[in-house]
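Remarks on the overall topology
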Amino acid sequence: MSRSKILIVEDEQEIADLEKDYLELSDFDVHIETNGDDGLREALDGDYALVILDLMLPGTDGFDICKEIRDSKDVPIIIVSAKKDDIDKIRGLGLGADDYLTKPFSPSELVARVKAHMARYERLVGSGTKANDIVEIRGLKIDKTARRVYINGEEKNFTTKEFDLLTFLAENPNHVFTKDELFRKIWGMESIGDIATVTVHIKKIREKVEADSSNPQYIETIWGVGYRFKI
Ligand code: CA
């Protein structure tokens, strides 16, 4: 069984290292980012089972990171902060953190909470009622279970492949995919067709989700490369 990956976003290296040591002793794989911008990118692009997030960070602060992660993922987030006030604030803002610890905290307490949240999350995901059957990004809502798409609350009709393509891009935001990669991913190797199929489908998706197809807010064209879903 592969080890669960945990992301620590913490600018105080000593604290990050201490957390990492304890988590590694409990058999977790740990990755540290020491500034907010890299931390946010890593949280969105990486495949983490849990995020430990400091609030006061250089670059994007922990409040914004928490909100951005929650807009697209339901990975458990544990906030650690030196200020009790900040924790009250983040709770008050309803940013969707799963737990809070005030510094200084005992590393074994952190590990215990990490394990508890992971177990809870795995039960949730395994039970079939997982919250991430819904992908929500700004005004776009994709209900994966019902295979329905809503823009600002209004349902739009999607063909199977349009739905699969949009969902795949939305679940991998900020990642640039070539048309070739998308064709192989959505249509499969055995399919008849070519990358022009991808272009046609992107055009149809944009007509449904974009207010202005010539200035897309969701799926961006990266000229000469392919497409990416903007976060
Ligand atoms: Ca800090």
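Our structure is the block above this text.
Residues numbered from 1 in each chain as written. Predicted model: local features only at pLDDT ≥ 70, side-chain atom pairs only at ≥ 80, totals over all residues. Heavy atoms only, no water.

**Some thoughts on the coordination of the calcium ion**
The coordination sphere of the calcium ion contains the protein donors D11 (OD), D54 (OD) and M56 (O), at a distance range of 2.1 to 2.3 Å. On the primary sequence, the residues serving as donors to the calcium ion are separated as D-x42-D-x1-M. One end of the pair, D11, is in the loop between β1 (5–9) and α1 (13–25); the other, D54, is in strand β3 (residues 50–54), and 43 residues separate them in sequence. A relative accessible area of 32% places D11 in the partly exposed class. The exposure class of D54 is buried, given its relative accessible area of 3%. (Donors = N, O, S within 2.8 Å, 3.2 Å for Na, K, Ca; no water. Helix = DSSP H or I, 4+ residues; strand = E, 2+ residues; numbered from the N terminus. Buried < 20%, exposed > 50% of the residue type's maximum accessible area, 1.4 Å probe, protein only.)

**A look at the pairing of strand β2 (residues 29–33)**
Within a regular strand, side chains alternate between the sheet's two faces. As paired elements, β1 and β2 share five bridges and run parallel to each other. Of the residues in β2, the one forming a bridge with L7 is H31. Handedness of the crossover joining β1 and β2 through α1: right-handed. (Pairing = 2+ DSSP bridges. Right-handed = clockwise from strand over helix to strand, strands pointing away.)

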